[in-house]
Amino acid sequence: MNANTPRALAQRCAEQMFSQDTCAQAMDMRIDAMDAGMAKVSMTVGPQMLNGHQTCHGGQLFSLADTAFAYACNSQGLAAVASGCTIDFIRPAQAGDRLTACAQVRHQGKTTGLYDVEIVNQLGKTVAWFRGRAHRLGHSILGEQP
């Protein structure tokens, strides 16, 4: 892969962030795909992620979506953080389900962006929709000019 493509930059950004993302590591998340303005992150629902109804806790779903959102909004090399997020739970996830969160940019301005994330299970059924608003901090996450 050419080191100067948008996809290569997105991959380097994700690798840098993941190396310090102890939350994603503790939840055994995996980065499945990266590109400019896009990230796909997955995890398997473990027994420690279940709520009192024995379905995946909403906070775990939020963390998965928020992680994909974070990688997508930082994929162009400029550091960004969430300024607001919402999530809609569509169907429950069960222990053992393999969940994939696909984040996609809808709009990215100079300092603010809007991203949608769909979480699906291993059957391709939508589990949740997440919308995140990002704010760029004005510096590179890689220590280089984006």
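As the structure is a computational prediction, the values presented were derived from the model and not from experiment. (Residues numbered from 1 in each chain as written. Predicted model: local features only at pLDDT ≥ 70, side-chain atom pairs only at ≥ 80, totals over all residues. Heavy atoms only, no water.)

1. With respect to the UniProt feature "domain: Thioesterase" (unreviewed entry) in the protein chain
- Listed under "domain: Thioesterase" (unreviewed entry) in the UniProt record, and renumbered for this structure, are residues 53-127.
- Secondary structure within residues 53-127 divides into 21% helix and 45% strand; the distance between the first and last C-alpha atoms comes to 16 Å. (UniProt positions renumbered as here; feature names shortened; annotations may be inferred. Helix = DSSP H or I, 4+ residues; strand = E, 2+ residues; numbered from the N terminus.)

2. Details of the sheet that holds strand β3 (residues 78-89)
- Ordered in space as β1-β2-β4-β5-β6-β3, the six strands form an open sheet in which the pairing is antiparallel. For this open sheet the edge positions go to β1 (30-35) and β3, each flanked by a neighbour on one side alone. Direction aside, neighbouring strands of the sheet carry axes that sit 20° apart on average.
- When β1 meets strand β2 (residues 38-44), the two strands line up antiparallel, connected through five bridges. (Pairing = 2+ DSSP bridges. Axes fitted to C-alpha atoms, helices over the stretch in contact; angles between N-to-C directions.)

3. Describing the nonpolar core
- If you look at the biggest cluster of nonpolar residues, it comprises 34 residues, and the most contacted ones within it are L64, L99, V117 and I119.
- Looking at this core element by element, the count peaks at eight residues for helix α3 (residues 58-73).
- Once residues lying within four places of it in the same chain are set aside, the contact partners of V117 are A65, A68, F69, A101, C102, A103, A128, W129 and F130. (Core = buried A, V, L, I, M, F, W, Y, C linked by side-chain atoms within 4.5 Å. Buried < 20%, exposed > 50% of the residue type's maximum accessible area, 1.4 Å probe, protein only. Contact = heavy atoms within 4.5 Å.)

4. Concerning the side chain of S140
- For S140, the location among the structural elements is in strand β6 (residues 126-140).
- Reaching out from S140, the side chain makes a polar contact with the backbone oxygen of G77 at a distance of 3.5 Å.
- Of note is the side chain of S140, whose polar atom sits 3.0 Å from the backbone nitrogen of L142. (Polar contact = N/O pair within 3.5 Å; in protein donor to acceptor, adjacent residues only side chain to side chain.)

5. Digging into α3
- Here α3 contains 16 residues, and its C-alpha end-to-end distance of 22 Å stays within 8% of the 22 Å for a straight helix at 1.5 Å per residue.
- Listed in full, the buried residues belonging to α3 are L61, L64, A65, T67, A68, F69, Y71, A72 and C73. (Expected span 1.5 Å × (residues − 1).)

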